[in-house]
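The primary structure of each chain is shown beneath.
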Amino acid sequence: MQSLLVRRRAKSTSTAKSTPSLPRLPVPDLHQTLRTYLKSLEPLLLEDEARGGLAFGSAYEARHKIIEDFEHGLGQKCQQRLLELDKSSPHNWLDDNIWLKKAYHEWREPLIVNSNWWLALEDDTMIPSAVRNPSHEGSGYTGWQIRRAAWLVYRILDFMAQMKRNEVYPDTTRTGLWFRHAALQFCNTCRVPQHGCDRFAPAPSATDPDAHKILVIAADWLYAVDVLDGHGEPLSPASIERKLCAIVRDVESRLAKGESATPVSVLTTDNRDRWAENLKHLLSLSPANKTTFHTVTSSIFALSLDAYSYKLPPCHGTSDADLKAHAHNVRSGHGARPGYNRWYDKPFTLIVEANTRAGVLGEHSPVDALVPSVVADYAVVQGVDEDAFPRPLVASNILLSDVEDGGWTRLDWVVDERITTECREAAKRAKAIVDDSDCDELVFDAFGVRWIKEEACLSPDGFIQMAMQLAWYRTLGEFTATYETVLTRLFAHGRTETIRTLSTDSRTWVLAMVDPQCPSSTRLDLLRRAVQTHTALTRQAATGRGIDRHLLGLRLTLRAEHGESHALFDDLYFSRSQTWKLSTSGLSAGEQFRGTGFGSPYHDGFGVNYMPAPERLRFGVESKHSCPQTSTQLFMAAITDALLDMRNLCTSAVQSHL
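Nothing here was measured: the structure is a model prediction, and the numbers come from that model.

Asks: Got a sec to walk through the nonpolar core? Specific residues and values, please.
Replies: Among the nonpolar cores identified, the biggest contains 76 residues, and F70, F463, W509, L527, F619, F635 and L643 are the most heavily contacted of them. Filtering out sequence-adjacent residues up to four positions away, F619 remains in contact with D440, E441, L442, I464, M468, V608, N609, Y610, I639 and L643. Among the nonpolar cores identified, the runner-up in size contains 75 residues, and L121, M163, A218 and A261 belong to it.

Asks: Go over the pairing of strand β11 (residues 482-487) with me, naming the residues and quoting the values.
Replies: Of all the six residues making up β11, five are buried; the element is thus mostly covered by neighbouring parts of the structure. As paired strands, β11 and strand β12 (residues 496-500) are joined by five bridges and run antiparallel to one another. Its bridge partner lying in β12, Y483 is registered against R500.

Asks: Residues and numbers for the packing of aromatic side chains, please.
Replies: Across all of its chains, the model carries 24 aromatic pairs by this definition. For the pair W275 and W343, a centre-to-centre distance of 6.0 Å together with 75° between the ring planes defines the contact as edge-to-face. Here the residue W275 occupies a position in helix α10 (residues 272-284), and W343 occupies one in the loop between α12 (323-332) and β7 (349-352), the gap between them amounting to 68 residues. Taking relative accessible area as the criterion, W343 reaches 0% and is therefore assigned buried. An aromatic cluster is defined as three or more aromatic residues linked by ring pairs; in this entry it consists of Y37, F70, F569 and F574.

Asks: Could you give me a rundown of the side chain of R148, with the residues and numbers involved?
Replies: Counting through the fold element by element, R148 comes out in helix α7 (residues 143-164). Notably, R148 is buried but unbridged: the nearest opposite-charge side chain belongs to D124, and the N-O separation is 4.2 Å. With near-sequence residues (within four places) excluded, R148 lies in contact with E122, D123, D124, I127, T356, R357, A358, V380 and V384.

Asks: So, the packing of helix α16 (residues 460-476) against helix α18 (residues 520-545): which residues are in play, and what are the values?
Replies: At a minimum axis separation of 9 Å, α16 and α18 run at an interaxial angle of 115°. Comparing their axes, α18 and α16 come out roughly perpendicular. Considering only the axes of α16 and α18, their crossing is right-handed. Listed contacts from α18 to D461, G462, F463, Q465 and M466 of α16 are L527, A530, V531 and H534. Looking at the contact of α16 with α18 residue by residue, the class counts come to five nonpolar, three polar and one charged.

Asks: So what's going on with the pattern of salt bridges? Residues and values would help.
Replies: For the structure on display, the rule yields 51 salt bridges. Among the ionic pairs, R51 bridges to E47, the shortest N-O distance being 2.6 Å. On the accessibility criterion, E47 (7% relative accessible area) is buried. A salt bridge links K431 to D435; the nearest nitrogen and oxygen atoms lie 2.9 Å apart. Of this pair, K431 and D435 both sit in helix α14 (residues 417-435), four residues apart, which is roughly one turn of that helix. The partly exposed category is assigned to K431, whose relative accessible area is 30%. Among the residues examined, D435 registers a relative accessible area of 43% and is labelled partly exposed.

Asks: Describe the pairing of strand β1 (residues 117-121), and please don't skip the residues or the numbers.
Replies: The buried fraction of β1 is high, at five of five residues. Inspection of the sheet shows β1 paired to strand β8 (residues 358-362) by four bridges, in the antiparallel sense. Across the sheet, residue W117 finds its bridge partner in β8, namely G362. In terms of strand pairing, β1 meets strand β14 (residues 593-598) through five bridges, oriented antiparallel. In the strand pairing of β14, L121 is matched with F593.

Asks: Describe in detail the side chain of D48, supporting the description with residues and values.
Replies: Along the chain, D48 falls in helix α2 (residues 30-50). One polar contact links D48 to Y573, side chain to side chain, over a distance of 2.3 Å. The residues touching D48, leaving out its near neighbours within four places in the chain, are G53, Y573 and R576.

Asks: Quick one: what's the story with the sheet that holds β11, residue by residue and with numbers?
Replies: Strand order in the open sheet formed by six strands is β10-β16-β15-β13-β11-β12, and the pairing between neighbours is mixed. Strand pairing shows two members of the sheet lacking a second neighbour, β10 (437-444) and β12, which therefore form its edges. Within this sheet the neighbouring strands show an average axis-to-axis angle of 20°, counted without direction. Relative to strand β16 (residues 617-624), strand β15 (residues 606-612) runs antiparallel, the two being bridged by six bridges. By the bridge assignment for β16, G607 is matched with E622.

Definitions and cut-offs
- Residues numbered from 1 in each chain as written.
- Predicted model: local features only at pLDDT ≥ 70, side-chain atom pairs only at ≥ 80, totals over all residues.
- Heavy atoms only, no water.
- Core = buried A, V, L, I, M, F, W, Y, C linked by side-chain atoms within 4.5 Å.
- Buried < 20%, exposed > 50% of the residue type's maximum accessible area, 1.4 Å probe, protein only.
- Contact = heavy atoms within 4.5 Å.
- Helix = DSSP H or I, 4+ residues; strand = E, 2+ residues; numbered from the N terminus.
- Pairing = 2+ DSSP bridges.
- Phe/Tyr/Trp six-rings, centres within 6.5 Å; stacked < 30°, edge-to-face > 60°.
- Lys, Arg positive; Asp, Glu negative; His and termini not counted.
- Salt bridge = Lys/Arg side-chain N within 4 Å of Asp/Glu carboxyl O.
- Axes fitted to C-alpha atoms, helices over the stretch in contact; angles between N-to-C directions.
- Parallel < 35°, antiparallel > 145°, perpendicular 65-115°, else oblique.
- Left-handed = near helix turned anticlockwise from the far one by under 90°.
- Nonpolar A, V, L, I, M, F, W, Y, C, P; charged D, E, K, R; others polar.
- Polar contact = N/O pair within 3.5 Å; in protein donor to acceptor, adjacent residues only side chain to side chain.

The following block contains the structure:
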């Protein structure tokens, strides 16, 4: 990713002959969408027939008639309404009107685990091993923790400043245009709860002092820290460090006096309507609370300083002993007190533990995880530069006495008994969610993208998706609709589309793999066909010809108040084909990341975030302990077995031709 950054910088120095632009996301062709949708139902219809249900031919013909009726009747009206909506929209029909509300802001479930994504960052090799792996577990803030936090904050701000100066991802390239718009969505903003549908806080003006601050959370107290100068350039790492040291000294002083913070931030883990109700009450208690909330929502991003190093038994999917504990802490904080010391509505929260482990927690609605992960990659790729700080820490891990009295402020809430009680109750509900989350990391290092490309001669993403199809079937004995995210970054303000990974070809291959009588040559041919089909579906979705956003738009244009409805949207297979119990998304190679993850959208499903690198494949897997049908450990083992079986399949075919 760093090499990509260098190329982006190099391109920005040349003079563009013309200003590039990105096309609008099109309204897909109605006929093509409906034909692709019908094709996507085939594996579900075949599976029902195989289990004693209606014959495939009869079930298929029934769906075909429904689709034909819609296409030549009400569907024409719905399509025309989408085209008219697109004409009246500044950017496109989907992102201006539909996606944000329906995918995120109308959802009322708590964000913790369910919606937020998390990313565990690689260790900094500049930090002494005795600091990163202390001989005994302690508590309290540490010098290296603050130094690394200051350095990472600086690097994030530096990236954004370079982008502002057109030095990285310049607006003279189409990639730059898309990335710059997306990157700006997670800075200086915040999700705000409202009854029925959330919203974003208004963007602060460039002259608003809060726009130059970050939010710092320590021991559940909130602070605002100035990190930009009057020209919008980042302050030095040393200045940021002194401010953070001053905050930590203030926290320690308050704790020594027996003070404790009312953990208002834990309210952000609650049901969205309940949080909206509590926020309304909180803001009514004092004008000071409104000022504090404005600073929280307008700040560039958040930094959580944890005065501990969370420990868990080693995870089973990797020899990386403390990876599971690291990922869990980024996801939800300390297991004994999950939901504390975070503001889950902030799109980007940097988290640093006492032993310098660091990660990023993201609120999903303003931008998809790839873009902030690029920024995080830049922040981590260069370790702490000791020359940027006036005093070396060496092996010492004590806090420096150098502090800055200015440039930071407390953000204290005025609370009453109701808010205090609601915080306690919200914390209980957050703990129940986190305790039910079966989350772990698989680091598969037998091979990676290089082998898949060069030896298997297959698409790495298609190969990985087929491995998860096989793992699901071996684990649960059935097939399920599968969601994979693809970016629509070829278009202005493009976000995502769905790849329906479960196909007739993927099902046929999986069944061949579990049939002991099927020869390897047939299995390999079917694998190649399944991957080719997946690649074609990916291309369609990425180029504005996906079907699920279009189907959503068509359904929403129905005028129920005028009696409009259609069997297409009432059909059982319509909902089944969108019940994505296997929800997946790929990030970058993730060379600067230890792990990643997001929650399963269904109680009896899996959420899988994966990072395919040249020599290894990482999977962050989440399911629910309370579901007897799912087990993260068993599914990770099944993924491992599937990948190894696929390597053996491809290798035996190559050897047979030697």
